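So the chains spell out like this:
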Amino acid sequence: MRSFAFHRPTTLYEMSALLGGVADSMPLAGGMTLLPTIKQRLAAPAALIDLSNIPQLHGISAQADVLTVGAMTRHVDVAESELVRSKIPLLASLAAGIGDPAVRNRGTIGGSVANNDPSADYPAAVLALDATVVTDRREIAAVAFFRGLFETALEPGEIITAVRFPVPSAGGYAKFKSPASRYAVVGVCVAKKAGKVRVAVTGAGPGVFRVAVMEAALERTFTPDAIAAIKLGAENLSSDIHADAEYRAHLVTVMAKAAVKSALQTS
Ligand SMILES: Cc1cc2nc3c(=O)[nH]c(=O)nc-3n(C[C@H](O)[C@H](O)[C@H](O)COP(=O)(O)OP(=O)(O)OC[C@H]3O[C@@H](n4cnc5c(N)ncnc54)[C@H](O)[C@@H]3O)c2cc1C
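Residues numbered from 1 in each chain as written. Predicted model: local features only at pLDDT ≥ 70, side-chain atom pairs only at ≥ 80, totals over all residues. Heavy atoms only, no water.

The name recorded for the protein in an unreviewed UniProt entry is Carbon monoxide dehydrogenase, from Bradyrhizobium valentinum.

## Description of the overall build of the protein
Put simply, the test is: Segments assigned H or I by DSSP are reported as helices when at least four residues long, segments assigned E as strands when at least two residues long, and all are numbered from the N terminus. Radius of gyration here is computed from C-alpha atoms only, and the compact-globule reference equals 2.2 Å multiplied by the residue count raised to the power 0.38. Here, residues are in contact when the closest pair of their heavy atoms is within 4.5 Å.
In terms of regular secondary structure, the protein is built from 11 helices and 14 strands. The C-alpha radius of gyration of the protein comes to 18 Å, within 12% of the 18 Å expected for a compact globule of 267 residues. If one aligns the C-alpha atoms of the protein with their principal axes, the spans along those axes are about 55 × 45 × 30 Å. At a minimum sequence separation of 6, the contacts of the protein that also span at least 24 residues come to 57%.

## Section: the domain arrangement of the protein
For the record, the criterion: Here the bounds of each domain stem from an automatic or database domain assignment.
Looking at the protein, the domain boundaries give domain 1 (1–50) and domain 2 (170–266). Put simply, the middle of domain 1 and the middle of domain 2, counted by C-alpha atoms, are 35 Å apart.

## A word on the site of the ligand
Here is the rule we go by: Think of it this way: one heavy atom of a residue within 4 Å of a molecule or strand is enough to make that residue near it. The definition of a polar contact used here is a pair of N or O atoms within 3.5 Å, where within protein one atom must be able to donate a hydrogen and the other to accept one, and adjacent residues in sequence count solely through side-chain atom pairs. Note on areas: Shrake-Rupley with a 1.4 Å probe; residue coverage comes only from the protein chains shown. When residues are sorted by character, Ala, Val, Leu, Ile, Met, Phe, Trp, Tyr, Cys and Pro go into the nonpolar class, Asp, Glu, Lys and Arg into the charged class, and all the rest, Gly among them, into the polar class.
The full set close to the ligand counts 32 residues, and Pro27, Thr33, Thr108, Asp121 and Arg182 are the nearest of them. The separation between an oxygen atom of the ligand and a polar side-chain atom of Thr33 is 2.4 Å. In this structure, an oxygen atom belonging to the ligand sits 2.7 Å away from a main-chain N or O atom of Arg182. Taking 960 Å² as the accessible area of the ligand by itself, protein coverage stands at 89%. Ranked by residue count, the leading element in the shell around the ligand is helix H7 (residues 109–115), at five residues. Of the residues that constitute the shell around the ligand, the class distribution is 16 nonpolar, 12 polar and four charged.

## Examining the nonpolar core
Put simply, the rule is: Only buried Ala, Val, Leu, Ile, Met, Phe, Trp, Tyr and Cys residues count toward a nonpolar core, and they belong to the same one when joined by side-chain atoms within 4.5 Å. Exposure is judged per residue with a 1.4 Å probe applied to protein chains only, and the accessible area is read against the type maximum: over 50% gives exposed, under 20% gives buried, and values in between give partly exposed.
If you look at the biggest cluster of nonpolar residues, it comprises 39 residues, and the most contacted ones within it are Leu91, Val113, Tyr122, Val126 and Phe165. For this core, the element with the highest residue contribution is helix H8 (residues 122–128), accounting for six residues. Beyond its immediate chain neighbours, meaning those up to four positions away, Val126 contacts Val113, Ala131, Val133, Ala142, Phe146, Val163 and Phe165. Counting 30 residues, the second-largest nonpolar core is a separate cluster that includes Ala174, Val185, Ala256 and Val260.

## Comments concerning the pattern of salt bridges
As a reminder of what qualifies: A pair is scored as a salt bridge if a Lys or Arg side-chain nitrogen falls within 4 Å of a carboxyl oxygen belonging to Asp or Glu.
If you walk through the whole model with that rule in mind, you get 12 salt bridges. Between Arg8 and Asp50 there is a salt bridge, and its shortest N-O distance comes to 2.7 Å. Placement of Arg8 in the loop between strand E1 (5–7) and helix H1 (12–21) and of Asp50 in strand E3 (residues 47–50) is noted, with a sequence separation of 42 residues between them. The buried category is assigned to Asp50, whose relative accessible area is 4%. In this structure, Glu158 engages Arg138 in a salt bridge whose closest nitrogen and oxygen atoms are separated by 2.8 Å. A residue pair is termed long-range when its members are at least 10 positions apart, and Glu158 in the loop between strand E9 (151–152) and strand E10 (160–166) and Arg138 in the loop between strand E6 (132–135) and strand E7 (139–141) qualify at 20 residues. With relative accessibility at 5%, the residue Glu158 sits in the buried group.

## As for the environment of Val254
Examined against the element boundaries, Val254 turns out to sit in helix H11 (residues 245–266). What makes Val254 partly exposed here is its relative accessible area of 35%. Linking Val254 and Ala114, residues 140 residues apart in sequence, is a C-alpha distance of 28 Å.

## Here we look at the side chain of Arg248
With respect to the element layout, Arg248 can be found in helix H11. For Arg248, a relative accessible area of 2% corresponds to the buried category. One polar contact links Arg248 to Asp240, side chain to side chain, over a distance of 3.1 Å.

## Concerning the environment of Leu57
Relative to the assigned elements, Leu57 resides in the loop between E3 and strand E4 (60–63). For Leu57, a relative accessible area of 0% corresponds to the buried category. Distance in space between the C-alpha atoms of Leu57 and Ser119 is 24 Å, their sequence separation being 62 residues. Those residues within four positions of Leu57 in sequence are excluded, and the remaining contacts are Leu12, Leu51, Gly70, Ala71, Met72, Thr73, Ile160 and Thr161.

## Some words on the packing of aromatic side chains
So the rule is basically this: The criterion for an aromatic pair is that two Phe, Tyr or Trp rings (for Trp, the six-membered ring) have centres within 6.5 Å, with stacked assigned to planes under 30 degrees apart, edge-to-face to planes over 60 apart and tilted to the rest.
Scanning the model with the defined rule gives two aromatic pairs in all. Seen from their ring centres, Phe145 and Phe146 are 5.0 Å apart, and the 85° between their planes marks the pair as edge-to-face. Both residues of the pair, Phe145 and Phe146, belong to the buried class. Their ring planes at 85° and their centres at 6.1 Å tell us that Phe176 and Tyr247 sit as a pair that is edge-to-face. Of this pair, Phe176 sits in strand E11 (residues 170–177) while Tyr247 sits in helix H11, placing them 71 residues apart in sequence. Residue class for Phe176 comes out partly exposed when judged on its relative accessible area of 32%.

Pasting the structure below:
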């Protein structure tokens, strides 16, 4: 591992000054992805800017029908939050299913959303719930945030400060997980609000995506049977050691039906 400088700012102002002023600096959240990446020499930052001591990046709050989760909120805190469980139960169960206890005790929502791993769970919820990604510079709608494989709308030095989730009238998340890492081989999040339905899929392709044909069917009838006959084409889906594209296409339907079932049980 190459040596690097380490800074732990206590304000957003200090953080921005460091990220803007120190060449080749990178923000550090839970380190669950970034530290292995550095160890494997896939990244070589000259400085790490640790976000853990900035109070504005922590905490969960709710106002009317919006739940706000600070970027440095760990998966375990989302999973165990009574507020999250009461407002958006799917988010609590999604967080409880991420990785293992060590990963959930360090990994953060901001790190996961910024990283945009094609098999990560949070991007599916952020997209299906029509969430807003709040940064230190602006607010970005989920639909404009995720740009493909590990790519987002974040600009250099721009930091996610929170994610704002509108509370749906019904919602569910189901994933077929890798038995080793628990990352999604395929994960589907379904959310319903004001007659509109969103279906977002992670793990199946190079980035999270919506399935318009399922959304339309569920807007007509919100039951698992309404989408049972809808199968995606395998052309644009991923094949790897975990599953080939055909199998992933099959899993999208199975997981989408399970997500709707879960939504009906928890609404
Ligand atoms: C063994 C293992 C199993 C896992 N299983 C799962 C799983 O089942 N499901 C799943 O979804 N994930 C899984 N993960 C990923 C994990 O949950 C973390 O969410 C992920 O590693 C990134 O979060 P982090 O807080 O550790 O970020 P870090 O590793 O610290 O940072 C990741 C990237 O995001 C940037 N960054 C961090 N915070 C911000 C911010 N606020 N604003 C802008 N940029 C930022 C960093 O500079 C870095 O580039 C797993 C990880 C491991 C190691």
